Amino acid sequence: MRLEDKDPARHAGIEYPMEVGAPVFAPIKVVEEKDKAVNVARQNAKLEYDRIMEQAEVLMKQARALQARLDATEMVHCAKFGFNPIHGKIYHLYYDERNQVNVLIQNAPNNWSCGIPDGWNYLMAVKKLGDSTWAIIEEDQPL
């Protein structure tokens, strides 16, 4: 049998070159190509997954902050106070052990001339926000 074949359609289907000047090629290893494609897909999916998880973490942080505001709001609304709180002003929440009630006042723990009354425990500093919720003010935040 002669290797010389004049049918060009047959040349395209053969796994080896039929002419001297033909480019060298090897059959494509399908399994290796599939593995490469799967690895590329996994890398891209992991990048997308990490990006989504970052967004989810931001949303969870916002949800925790909102829950903390709602908890503080509930504590303040259950507290005893005899004034109309102003939006944006900082108040202080104490627990009165004698009456077993939270008390909202304007004095910070270091603003008492004679010290905090006996039986009162300082709980937190809170600030009334524009949406009528109360935010907990951390001690290191500027008042």
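Notes on the structure in this doc start here. As a convention, each chain's residues are numbered from 1 in the sequence order in which they are written. pLDDT decides what is reported in this predicted model: residues at 70 or higher carry local features, side-chain atom pairs at 80 or more are listed and counted, and totals for whole chains, interfaces and linings draw on all residues regardless. Only heavy atoms go into the side-chain values, all of them from the structure, while hydrogens and water stay out.

Let's talk about the pattern of salt bridges
Note on pairing: side chains with opposite charge can pair once their charged atoms come close.
Next, step 1: Within this document, salt bridges are pairs made up of a side-chain nitrogen of Lys or Arg and a carboxyl oxygen of Asp or Glu, the two lying within 4 Å of each other. For the coordinates displayed, the defined rule picks out 5 salt bridges.
Next, step 2: A salt bridge links K46 to D50, with the nearest nitrogen and oxygen atoms 3.2 Å apart. Pair noted here: K46 and D50 are both in helix 2 (residues 30–78), with a separation of 4 residues, about one helical turn.
Next, step 3: Of the residues examined, D50 reaches a relative accessible area of 30% and is grouped as partly exposed.
Next, step 4: One salt bridge connects R69 with D131, and the closest N-O pair in it is separated by 2.6 Å. You can see R69 sitting in helix 2 and its partner D131 sitting in the loop between strand 3 (120–128) and strand 4 (134–137), a full 62 residues away along the chain.
Next, step 5: Exposure classes here rest on a 1.4 Å probe applied to the protein chains alone. A residue is buried below 20% of its type maximum, exposed above 50%, and partly exposed in between. Using a relative accessible area of 24% as the deciding quantity, one classes R69 as partly exposed. Only DSSP runs of H or I reaching four residues or more are called helices, and only runs of E reaching two or more are called strands; each is numbered from the N terminus.

Structural notes on the sheet that holds strand 1 (residues 90–96)
As a general point, the strands of a sheet are linked pairwise by backbone hydrogen bonds and lie either parallel or antiparallel.
Next, step 1: Only when DSSP finds a minimum of two bridges between them are two strands counted as paired. Overall, antiparallel pairing links the 4 strands, which are arranged 2-1-3-4 in an open sheet. The outermost strands of the open sheet, each flanked by one partner alone, are strand 2 (101–105) and strand 4. Averaged over all neighbouring strand pairs, the angle between strand axes comes to 40 degrees, with direction disregarded.
Next, step 2: Direction of pairing for strand 3 relative to strand 4: antiparallel, over a ladder of 4 bridges. Here, axes are lines fitted to C-alpha atoms. For helices the fit covers the stretch in contact, and angles between N-to-C directions go from 0 to 180 degrees.

A look at the packing of aromatic side chains
Next, step 1: Ring pairs are drawn from Phe, Tyr and Trp, using the six-membered ring of Trp, whenever the two centres fall within 6.5 Å, and their geometry is named by plane angle: stacked under 30 degrees, edge-to-face over 60, tilted for the rest. In the structure shown here, the tally under the stated rule is 7 aromatic pairs.
Next, step 2: When the centroid spacing of 5.8 Å and the interplanar angle of 40 degrees are considered together, the rings of Y94 and W120 count as tilted. Within this pair, whereas Y94 is found in strand 1, its partner W120 is found in strand 3, the two being separated by 26 residues in sequence. Summarising the burial analysis for this pair, Y94 and W120 share the class buried.
Next, step 3: One aromatic cluster is present, formed by F81, F83, Y91 and W134 through successive ring pairs.
Next, step 4: Comment: the charge-over-ring label is applied if NZ (Lys) or CZ (Arg) is within 6 Å of the ring centre and within 35 degrees of the ring normal. Directly above the ring of Y91 sits K89, whose terminal nitrogen or CZ lies 5.9 Å from the centroid.

Details of unusual backbone geometry
Next, step 1: Residues other than glycine seldom take positive phi values, yet Q100 does so here, at roughly 55 degrees.
Next, step 2: Here Q100 is to be found in the loop between strand 1 and strand 2.
Next, step 3: Taking relative accessible area as the criterion, Q100 reaches 62% and is therefore assigned exposed.
Next, step 4: Despite not being glycine, S132 has its phi angle at roughly 70 degrees, a positive value.
Next, step 5: By the secondary structure assignment, S132 is in the loop between strand 3 and strand 4.
Next, step 6: What makes S132 partly exposed here is its relative accessible area of 39%.

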